[in-house]
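The residues making up each chain are set out below.
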Amino acid sequence: LQKRRLPLDQTLTIAIDIADALAAAHRRGVVHRDLKPGNVMLTKTGAKLLDFGLAKLTGHGEQPAVSEVASAPTRSVPLTHEGTIVGTLPYMAPEQIEGKPADARTDLWAFGAIVYEMVTGRRAFEGPSSASLIANIINTEPPALAAIQPLAPPALDRLVRECLSKSPDDRPD
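Only a predicted model underlies this, so the values are computations on that prediction, with no experimental measurement involved. (Residues numbered from 1 in each chain as written. Predicted model: local features only at pLDDT ≥ 70, side-chain atom pairs only at ≥ 80, totals over all residues. Heavy atoms only, no water.)

> Please clarify how the packing of aromatic side chains should be interpreted in this entry.
For any two aromatic rings, the description comes down to two numbers: the centre-to-centre distance and the angle of the planes. Summed over the entire model, instances satisfying the criterion amount to 1 aromatic pair. With a centroid separation of 5.4 Å and 15° between ring planes, the pair formed by tryptophan 109 and phenylalanine 125 is classed as stacked. Placement of tryptophan 109 in helix α4 (residues 104–120) and of phenylalanine 125 in the loop between α4 and α5 (130–139) is noted, with a sequence separation of 16 residues between them. Residue classification places phenylalanine 125 among the buried residues on the basis of a relative accessible area of 2%. (Phe/Tyr/Trp six-rings, centres within 6.5 Å; stacked < 30°, edge-to-face > 60°. Helix = DSSP H or I, 4+ residues; strand = E, 2+ residues; numbered from the N terminus. Buried < 20%, exposed > 50% of the residue type's maximum accessible area, 1.4 Å probe, protein only.)

As structure tokens, this is what we get:
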């Protein structure tokens, strides 16, 4: 992605692998919270999700999924607490930016942002500063996939738009 957009067939293959990995994590009650291209490794057997260091177990507050990190003897406070913003800004859902609790739908936002980037070769939301990037994530919609990549299927555009819905309730289940 640092050089160019990906061919559509490769994008779909990678997206399916990421979606399968997210579904497996979510079934086990794990929310990644830092899904981004740098945490997706391409292997001969497919795409793999990496770096669950900011992950949390659903139903367990903001406790990191790797609980031994939070209880390490050198650390006197948890890694995160309610209202803490964790993740990588261009791939953070609006609710994550606002410090609200993350759940599987938060990961779906990041998934939509990654697929958008694979198809178009550019990020769904950009800005010259962190503040303008945050404003764009919260207040704007990215251009349609077909506006940048005319061969993008309308069904893929609909899926990406649903993933990038501002309200978590409007994202796919």
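Don't stop here, the text continues.
> Any chance you could explain the packing of α4 against helix α7 (residues 154–163) here in plain terms?
Packed helix pairs are specified by the crossing angle of their axes together with the interaxial distance, meaning the distance between the axes. Between α4 and α7, the shortest axis-to-axis distance is 7 Å and the interhelical angle comes to 140°. Relative to α7, the element α4 is oriented oblique. Classified by chirality, the crossing of α7 by α4 is left-handed. Touching Leu108, Trp109, Phe111, Gly112, Val115, Tyr116 and Val119 of α4 are Leu156, Val160 and Cys163, all from α7. (Axes fitted to C-alpha atoms, helices over the stretch in contact; angles between N-to-C directions. Parallel < 35°, antiparallel > 145°, perpendicular 65-115°, else oblique. Left-handed = near helix turned anticlockwise from the far one by under 90°. Contact = heavy atoms within 4.5 Å.)

> Looking at this structure, I do not really get the pairing of strand β2 (residues 40–43). What am I missing?
A regular strand places its side chains so that they alternate between the two faces of the sheet. Alignment of β2 against strand β3 (residues 46–49), held across 4 bridges, turns out to be antiparallel. Along β3, the bridge assignment pairs valine 40 with leucine 49. (Pairing = 2+ DSSP bridges.)

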